[in-house]
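The lines below spell out each chain.
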Amino acid sequence: MSEFKGLLDGVSVLESGDEPAVRFCGWMLAANGATVFCRTPQESSDRYSTDFLDSGKSYADDTVHVDIVIADPDYDWESVPAKVITGTVYPFRPTGPYADWTGNELVYSSLGGASGYTVSREGVPAYGYGDRYQYLAGQHLFQGVTASYLQRLIDPESATGAAPLVEVSNFETVVTTLPYPTTQYQYNGDESVLEQSGPRFVSRCSDGFVVIYAGFAWDPIAATIGRDDLLTDERFVENDARFRHVAELGEVFDDWAAARTVEQACNEGKTHNVAVTPVRPAAEALRDEDLLRRGVFTLDRSGEGLVPAIPYTVNGHRSREGRDA
């Protein structure tokens, strides 16, 4: 097997700005072999995210010669040579009624409808840590600028004019992750998306936590938790009824899990083909032999912490070799 070279070896990129999406795009470009120059490191209230997003990058000013420029929307785009591929991420859109709006992860996920998917048993939206949707927007930007760059390599005639500016919207990125609501509403006027899936629960075992997926048929779920008395319970037999009685069902799972270890709960789920999986602490995941063997972690900018590598391989290799620990 030949040694894997980075997909973007020889490509140089200037990253300018503080938007998480732009910085994650730069991280993906660097992880695929590009030389990425970013701003001089600054003090940050979230040092760990900074060490992750800056891993694999170099520091330089705006005078470096590059093939691609990715930056916040207020960058001086007129200073970029016409043939350089450019890309940015807007909070909403550059034109229209939301053109002047700004946002953050909580705003995007709430207005985009995603917070309706992550709720407590009482129906209260639960916000998770991190810039998940903005990182996804950065992935879209990565795909856009990479495709534009490769197109100009494949078709030199397309390089005669100015390169297009690749534009991504954080808000629209959230909306695109929700495939059901618009079509569903057009069909039947129903705005609920809960019944498209099944309720999920996190329950405490005697030595840890498990996640239980309570979708699909009810019989195997009742068998898993040893509750034949609930086989015909109208609160739980149908999937939509489980959502209406989610708090009561959560108590049933809590009682079941409390009397078992994580291993016992997972084995019982496996016996009846019900999805029960352990909640793994970060330290345990970082020690996982299969993950380490596949090289899915690499050192961050500081050289002290582990961060994810790109989530795919080419010819069985990654462009930036994962760290064995």
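Residues numbered from 1 in each chain as written. Predicted model: local features only at pLDDT ≥ 70, side-chain atom pairs only at ≥ 80, totals over all residues. Heavy atoms only, no water.

## Considerations on the side chain of serine 12
Phase 1 of the analysis: Along the polypeptide, serine 12 turns up in strand E1 (residues 12–16).
Phase 2 of the analysis: When near neighbours in sequence (up to four residues on either side) are disregarded, serine 12 contacts Thr35, Phe37, His65, Val66, Asp67 and Ile68. (Helix = DSSP H or I, 4+ residues; strand = E, 2+ residues; numbered from the N terminus. Contact = heavy atoms within 4.5 Å.)

## Some details on the packing of aromatic side chains
Two aromatic rings are characterised by how far apart their centres lie and by the angle between their planes.
Phase 1 of the analysis: In this structure the tally under the stated criterion is 14 aromatic pairs.
Phase 2 of the analysis: Ring centres 5.2 Å apart and planes at 65° place the aromatic pair tyrosine 75 and tryptophan 77 in the edge-to-face group.
Phase 3 of the analysis: An aromatic cluster is defined as three or more aromatic residues linked by ring pairs; in this entry it consists of Phe92, Tyr98, Trp101, Tyr108 and Phe171.
Phase 4 of the analysis: Over the ring of tyrosine 48 we find arginine 47, and its NZ or CZ is 4.4 Å from the ring centre. (Phe/Tyr/Trp six-rings, centres within 6.5 Å; stacked < 30°, edge-to-face > 60°. Lys NZ or Arg CZ within 6 Å of the ring centre and 35° of its normal.)

## Describing the pattern of salt bridges
Phase 1 of the analysis: Counted by the stated rule, this structure contains 16 salt bridges.
Phase 2 of the analysis: Linking arginine 227 and aspartate 229 is a salt bridge whose minimum nitrogen-to-oxygen distance equals 2.8 Å.
Phase 3 of the analysis: Salt bridges sharing partners connect three or more residues here, namely Glu15, Arg23, Arg47, Asp51, Asp54, Lys57 and Arg301. (Salt bridge = Lys/Arg side-chain N within 4 Å of Asp/Glu carboxyl O.)

## As for the sheet that holds strand E9 (residues 276–278)
Phase 1 of the analysis: Read from one edge to the other, the open sheet built from three strands follows the order E7-E8-E9, with strand pairing classed as antiparallel. In this open sheet, the two strands that pair with only one neighbour each are strand E7 (200–205) and E9. Taking each pair of neighbouring strands and ignoring which way they run, the sheet shows an average axis angle of 30°.
Phase 2 of the analysis: Sheet analysis places strand E8 (residues 208–213) next to E9, joined by three bridges and oriented antiparallel. Each bridged residue has a counterpart across the sheet, and for isoleucine 212 the counterpart in E9 is valine 276. (Pairing = 2+ DSSP bridges. Axes fitted to C-alpha atoms, helices over the stretch in contact; angles between N-to-C directions.)

## Overview of unusual backbone geometry
Phase 1 of the analysis: One non-glycine residue, phenylalanine 216, adopts positive backbone phi at about 65°.
Phase 2 of the analysis: By the secondary structure assignment, phenylalanine 216 is in the loop between E8 and helix H7 (218–224).
Phase 3 of the analysis: Using a relative accessible area of 68% as the deciding quantity, one classes phenylalanine 216 as exposed.
Phase 4 of the analysis: A positive phi is found at asparagine 273, a non-glycine position, where the angle reads about 60°.
Phase 5 of the analysis: Within the secondary structure, asparagine 273 is located in the loop between helix H10 (262–271) and E9.
Phase 6 of the analysis: Taking the relative accessible area as the measure of exposure, asparagine 273 reaches 73% and is therefore exposed. (Buried < 20%, exposed > 50% of the residue type's maximum accessible area, 1.4 Å probe, protein only.)

Spatial relationships are all this shows, so hold off on functional conclusions.
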